[in-house]
Amino acid sequence: YRILRTTKNRYGSTSELGIYEMLSDGLRPVNNPSEILLSPRDENSSGIAIGTLLEGNRPLLIEMQSLVTPTSYGTAQRTATGFDAKRLNMLLAVLEKRGNYRLSSQDVFLNITGGIKVDDPALDLAACMSIVSSFKDKLIDVGTCFAAEVGLGGELRTITRIDARIAEAEKLGFKEIWISKFVKGELPKNKGIHIRKAANIIEVIRHCLV
């Protein structure tokens, strides 16, 4: 796959993004990029959470995978592929401080499927849920996705273009999406997806990983 971003455009938007598939006869545009970023999975796999990403004006859903295992050495490893390593360390500190999850003695590996690099704080909640899911070895429902930034106090913060993210999740058949309860403005009335709101990360964990 090839990603095309516009950095300068005299007659149009510079916030557009195109994803193309390289075939033997050339490039073919991918009309629904979220489908290639969400891999088929076994419903018995823990450590998997779906988050919403905004690339330019295009909302995408991506799969986040985590593996949390007791460390075999003195210093725990923190490895992130496609995700900012410093932000991963911050989220781990929030989970340990606010959620009382003892992750300091655990190796944590976080991976973004599809081989892309992301820089969107809206993926914080999905990253946290993926990590806790692996740590507790409990599954997240395959029809659930997440869209919220996580603050240092464990609170869920609002994000941009929440309506577009919800519409993309509904289009792909997700049954519910978790967002911040502090979102401003009226949300669209989507009949095919249940919009759940929470004030902090602990509320989401208690509901999704009982």
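Basis of the calculations
Every chain is numbered on its own, with residues counted from 1 as its sequence reads. Confidence filtering applies because this is a predicted model: local features only for residues at pLDDT of at least 70, side-chain atom pairs given and counted only at 80 or more, and all residues used for totals across whole chains, interfaces and linings. Values shown for side chains rest on all heavy atoms present in the structure; no hydrogens or waters enter the calculation. Exposure classes here rest on a 1.4 Å probe applied to the protein chains alone. A residue is buried below 20% of its type maximum, exposed above 50%, and partly exposed in between. Numbering goes from the N terminus for both helices and strands, where a helix is a DSSP run of H or I of at least four residues and a strand is a run of E of at least two. One bridge is not enough; two strands pair if DSSP finds at least two bridges between them. A clockwise path from the first strand over the helix to the second, with the strands pointing away from the viewer, defines a right-handed crossover. The span one expects for a helix is its residue count, reduced by one, times 1.5 Å. Orientation is described by axes fitted as lines to C-alpha atoms, over the contacting stretch for helices, and by angles from 0 to 180 degrees between their N-to-C directions. Our angle categories are set so that under 35 degrees counts as roughly parallel, over 145 as roughly antiparallel, 65 to 115 as roughly perpendicular, and the remainder as oblique. The sense of a crossing depends on the near helix, which, turned anticlockwise from the far helix by less than a right angle, makes the crossing left-handed and, turned clockwise, makes it right-handed. Residues count as neighbours in contact if any of their non-hydrogen atoms are within 4.5 Å of one another. All amino acids are sorted into three groups, where Ala, Val, Leu, Ile, Met, Phe, Trp, Tyr, Cys and Pro are nonpolar, Asp, Glu, Lys and Arg are charged, and the leftover types, Gly among them, are polar. Only the six-membered ring of Trp is used, alongside the rings of Phe and Tyr, when aromatic pairs are assigned; centres must lie within 6.5 Å, and planes under 30 degrees apart are stacked while those over 60 apart are edge-to-face, with the rest tilted. A pairing counts as a salt bridge when a side-chain nitrogen of Lys or Arg comes within 4 Å of a carboxyl oxygen of Asp or Glu.

Caption draft 1: Region of interest: the pairing of strand β7 (residues 106–112). Counting buried positions over the seven residues of β7 gives five, a clear majority of the element. Where strand β6 (residues 78–81) lies against β7, four bridges are found, and the strand directions are parallel. From the neighbouring strand, Ala-80 faces β7, where its bridge partner is Leu-110. Between β6 and its parallel partner β7, the chain crosses via helix α2 (residues 85–98), and the hand of that crossover is left-handed.

Caption draft 2: Helix α3 (residues 124–136), seen in detail. The terminal C-alpha atoms of α3, which comprises 13 residues, lie 18 Å apart, in line with the 18 Å expected from a rise of 1.5 Å per residue. When you tally the buried positions in α3, you get eleven out of 13 residues, the bulk of the element. Among the residues making up α3, those that are buried are Asp-124, Leu-125, Ala-126, Ala-127, Cys-128, Met-129, Ser-130, Ile-131, Val-132, Ser-133 and Ser-134. Once α3 ends, the next one or two residues include Asp-137, with phi positive near 55°.

Caption draft 3: Structural context of the packing of α3 against helix α5 (residues 201–208). In contact at an axis separation of 11 Å, α3 and α5 are set at 45° when each is read in the N-to-C sense. Of the possible angle classes, the one that applies to α3 and α5 is oblique. Between α3 and α5 lies a crossing whose hand is right-handed. Contacts between α3 and α5 involve Leu-125, Cys-128, Met-129 and Val-132 on the former and, on the latter, Ile-201, Val-204, Ile-205 and Cys-208. Along the lines of polarity and charge, the residues of the contact of α3 with α5 split into eight nonpolar, no polar and no charged.

Caption draft 4: Spotlight on the environment of Gly-153. By the element assignment, Gly-153 lies in the loop between β9 (149–150) and β10 (156–157). Between the C-alpha atoms of Gly-153 and Asn-200, which are 47 residues apart in sequence, the distance is 8.3 Å.

Caption draft 5: The arrangement of the packing of aromatic side chains in detail. Under the defined criterion, the tally for this structure stands at one aromatic pair. With a centroid separation of 6.0 Å and 85° between ring planes, the pair formed by Tyr-101 and Phe-135 is classed as edge-to-face. Taken together, the residues Tyr-101 in the loop between α2 and β7 and Phe-135 in helix α3 connect sequence positions 34 residues apart. On the accessibility criterion, Tyr-101 (14% relative accessible area) is buried. The exposure class assigned to Phe-135 is partly exposed, which follows from its relative accessible area of 30%.

Caption draft 6: A look at the pattern of salt bridges. Applying the stated criterion to the full structure yields eight salt bridges. Arg-165 is the salt-bridge partner of Asp-120, the closest N and O atoms lying 3.2 Å from each other. With a gap of 45 residues between them, Asp-120 in the loop between β7 and α3 and Arg-165 in helix α4 (residues 162–171) connect regions that are remote in the sequence. Neither residue differs from the other here; Asp-120 and Arg-165 are each classed as buried. As a salt-bridge pair, Lys-171 and Glu-168 come within 3.2 Å of each other at their nearest N and O atoms. Taken together, the residues span about one helical turn, with Lys-171 and Glu-168 both in helix α4 at a distance of three residues. Glu-168 gets classed as buried once you look at its relative accessible area, which sits at 7%.

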